[in-house]
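Structural characterization, general
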Amino acid sequence: EDGLSMEAQKSEDRLLGGLLAANFDEGTCLSRYQSSSYRKLSPHKPSSYLIGKIRKYEALYKQCGPDTESYNEAITQLKRGQQIRSSSCKYLVWISYSGLGNRIVTLAATFLYALLTDRVLLIDRGTDMGDLFCEPFPEKSWLLPLDFPLNQFDNFHVKSPERYGLMLRDEIINENGTSSGSFPAFVYLHLAHDYDKGDKLFFCDREQLILDGIPWLLLRSDNYFVPSLFLVPKFSEELEKLFPEKVTVFHHLGRYLFHPSNTVWGLITRFYRAYLANAEERVGIQIRTFDTGVGPFQHVLDQILACALNEKLLPAVSRDKPIIPPQQTGKTDRKPKVVLMTSLSGGYYERIRNMYWEYPTVTGEVISIYQPSHEEHQQTEKQFHNMKAWAEMYLLSLSDTLITSPWSTFGYVAQGLGGLRPWIMVKPVNHTTPNPACGRAISMEPCFHAPPFYDCKAKRGIDTGKLVPHVRHCEDMSWGLKLV
Ligand code: GDP
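Residue indices begin from 1 for each chain and proceed along its sequence in written order. Selection of residues for local features in this predicted model requires a pLDDT of at least 70, selection of side-chain atom pairs for listing and counting requires 80 or more, and totals for whole chains, interfaces and linings are taken over all residues.

Attention now goes to the overall build of the chain. Along the backbone of the chain there are 17 helices and 14 strands. Every radius of gyration here is taken over C-alpha atoms, with the globule rule written as 2.2 Å times N^0.38, N being the number of residues. For the chain, the C-alpha radius of gyration of 24 Å lies close to 23 Å, the compact-globule estimate for 484 residues. Each of the three principal axes of the chain carries a C-alpha extent, and together these read 85 × 60 × 40 Å. Here a residue counts as buried when 20 or more other C-beta atoms fall within 10 Å of its C-beta, as exposed when 12 or fewer do, and as partly exposed in between; the C-beta atoms come from the backbone. Here the chain, with 484 residues, has 43% of them falling under the buried criterion. Placing C-beta atoms from the backbone, we regard two residues as in contact once those atoms come within 7 Å. Sequence-distant contacts in the chain: of pairs separated by 6 or more residues, those separated by 24 or more amount to 75%. Secondary structure counts use DSSP, requiring at least four H or I residues in a row for a helix and at least two E residues in a row for a strand, with both numbered from the N terminus.

The start and end points of each domain follow an automatic or database-based domain assignment. Domains assigned within the chain are domain 1 (11-257) and domain 2 (262-483). The centre of domain 1, based on its C-alpha atoms, is set 29 Å off from the matching centre of domain 2. Contacts between domain 1 and domain 2 engage 37 residues on the former and 42 residues on the latter. For the side of domain 1 that touches domain 2, the secondary-structure elements that each account for two or more residues are α2 (30-34), α5 (100-117), α6 (129-132), α10 (226-229) and α12 (249-257). Residues are sorted three ways: Asp, Glu, Lys and Arg are charged, Ala, Val, Leu, Ile, Met, Phe, Trp, Tyr, Cys and Pro are nonpolar, and all the rest, Gly among them, are polar. Split by residue class, the side of domain 1 that touches domain 2 holds 18 nonpolar, 12 polar and 7 charged.

For the rest of this paragraph, the subject is the sheet that holds strand β9 (residues 423-425). Strand pairing in a sheet is mediated by backbone hydrogen bonds. Such pairs are either parallel or antiparallel. Two strands make a pair as long as DSSP finds a minimum of two bridges between them. Pairing in this open sheet of 6 strands is mixed, and the strands run β7-β6-β5-β8-β9-β10 from one edge to the other. Edge positions in the sheet fall to β7 (367-370) and β10 (438-440), since each has one partner strand and no second. Neighbour to neighbour, the strand axes of the sheet diverge by 20° on average, direction disregarded. When β9 meets β10, the two strands line up antiparallel, connected through 3 bridges. Bridging from a neighbouring strand, Met 425 pairs with Cys 438 of β10. Angles here are taken between N-to-C directions and fall from 0 to 180 degrees, while the axes themselves are lines fitted to C-alpha atoms, restricted in helices to the stretch in contact.

So, on to the packing of α5 against helix α17 (residues 409-418). Between two packed helices, both the angle of their axes relative to each other and the distance between the axes serve to describe the pair. Two numbers describe how α5 lies on α17: the axes approach to 7 Å, and their chain directions differ by 50°. The orientation of α5 with respect to α17, classified from their angle, is oblique. Seen along the crossing, α5 lies across α17 with a hand that is left-handed. For the pair formed by α5 and α17, the contact residues are Gly 101, Asn 102, Ile 104 and Val 105 on the first element and Thr 409, Phe 410, Tyr 412 and Val 413 on the second. Its residues assigned to classes, the contact of α5 with α17 shows 5 nonpolar, 3 polar and no charged. Roughly parallel means an angle under 35 degrees; roughly antiparallel means over 145; roughly perpendicular covers 65 to 115; every other angle is labelled oblique. By definition, any crossing whose near helix is turned counterclockwise from its far helix by less than a right angle is left-handed, and any crossing with a clockwise turn is right-handed.

In the vicinity of the ligand lie 21 residues, with Gly 99, Leu 100, Gly 101, Ser 408 and Thr 409 positioned nearest. At the level of secondary structure, the elements contributing two or more residues to the shell around the ligand comprise α5, α16 (383-397) and α17. For the shell around the ligand, the element with the most residues is α16, which contributes 5 residues. When the residues that make up the shell around the ligand are grouped by side-chain class, the tally is 4 nonpolar, 13 polar and 4 charged. Both of domain 1 (11-257) and domain 2 (262-483) provide at least three residues apiece to the shell around the ligand. Near, as applied to residues and a molecule or strand, means the residue's backbone-placed C-beta atom lies within 6 Å of it.

A word on unusual backbone geometry. For the bond from Asn 435 to Pro 436, the omega torsion is 0°, close enough to zero to count as cis. If you trace the backbone, Pro 436 turns up in the loop between β9 and β10. The backbone of Asp 118 shows a phi angle near 50°, a positive value even though the residue is not glycine. In this structure, Asp 118 sits in the loop between α5 and β2 (119-123). Judged by C-beta crowding, with 15 C-beta atoms within 10 Å, Asp 118 ranks as partly exposed.

See the structure below:
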């Protein structure tokens, strides 16, 4: 390899195979271009079609984003409440909702929908979105301007009259608009776990066509609804072109969108360099229980160990006979195998770390165990709390192998960004350790926890996990859907 092509390769890696635009100011977002020195190069290349689509989207964003003529015109329409003439730019407002992992997977899904429908995605900053992430798009901020006229997002919920599902149910809107023959300036899309039959029509062709006529969409969700977009005929062909490798949707969109802010990048890199850099191998273990109480629970501790040992991710310890470690041949010791644990509880970490201190491993390997925080309770609205949560998801994504907890979007984010197919622990029933303790995920994609089971054409229920080979039920939630 000559020097020139090696340089070209390095710059290509920095830009994640062309996924990232090259013209950003580095200082405002150190993670954007530094991440490639912490991650292994992804074996999954973004398609040139996806790269082209994203570059076009960035151009659209410049043309239609806040502080442009088109934006101001669209805001005027919104204030009048009715669409006067069809506008050149259309918008999609993402409402900040739920835990951070849920927000991240939902935002990736919303961005994909924005790409598919050429809508400018603007995000409600909630309490901390602006502090957690860098700006993903060149030149224009994705944060919804604070003077946005409809900023009382609490007014939009499962019972709001502006809810698209309700307008469909009551036949207030169809292909020709409302009874006045025009389209409303906005509708509210309720795609959260508690959505109803009407809301679920979002995943039908006809109802998507109606949405085309509406300049502003407000969307609230806590779900990764991507798998069901693949089942909408209007989108499926385009999705095939964007993602020839279907299991990489979150992997690519997540790496494109979610760059830790400089503060969070500090948390990540300080921890990495102090505890993870000097490792022969990194094993991530993400523990999230949905039982009442923080734990630690004995059955979960047993389960983590059963999974790690049976799947040979960690060595067993010898409790009765001493193990003489093999003589070191080199002048330096073999590097340790490092385990990064994350949990709201500190108890699992304590117990596992003690086990590897008190007893030798049967292989003679040395195991180091670290856990960045133990916050005890979920505190979605507290700032440093979510910075730590984001840093921990990111650090987990830098693992070589990963064990995750079932039903947890926190784990999905780590596996997707890392391009890892984790071992997912089986959901325990009645506080007992399941056997087997865990199973290998069929893909790195997040699971859509609340998919619709509806055949839009036949207008009846159907198992949407059995329609196409690439959309299947999830390993950790039998009614969920994921891309495989
Ligand atoms: P999910 O509920 O597991 O799907 O994940 P979410 O991220 O949506 O919500 C859980 C929230 O609890 C996180 O956003 C954090 O605020 C907190 N949390 C859960 N597990 C951990 C953890 O291991 N470390 C930290 N720092 N926070 C956690």
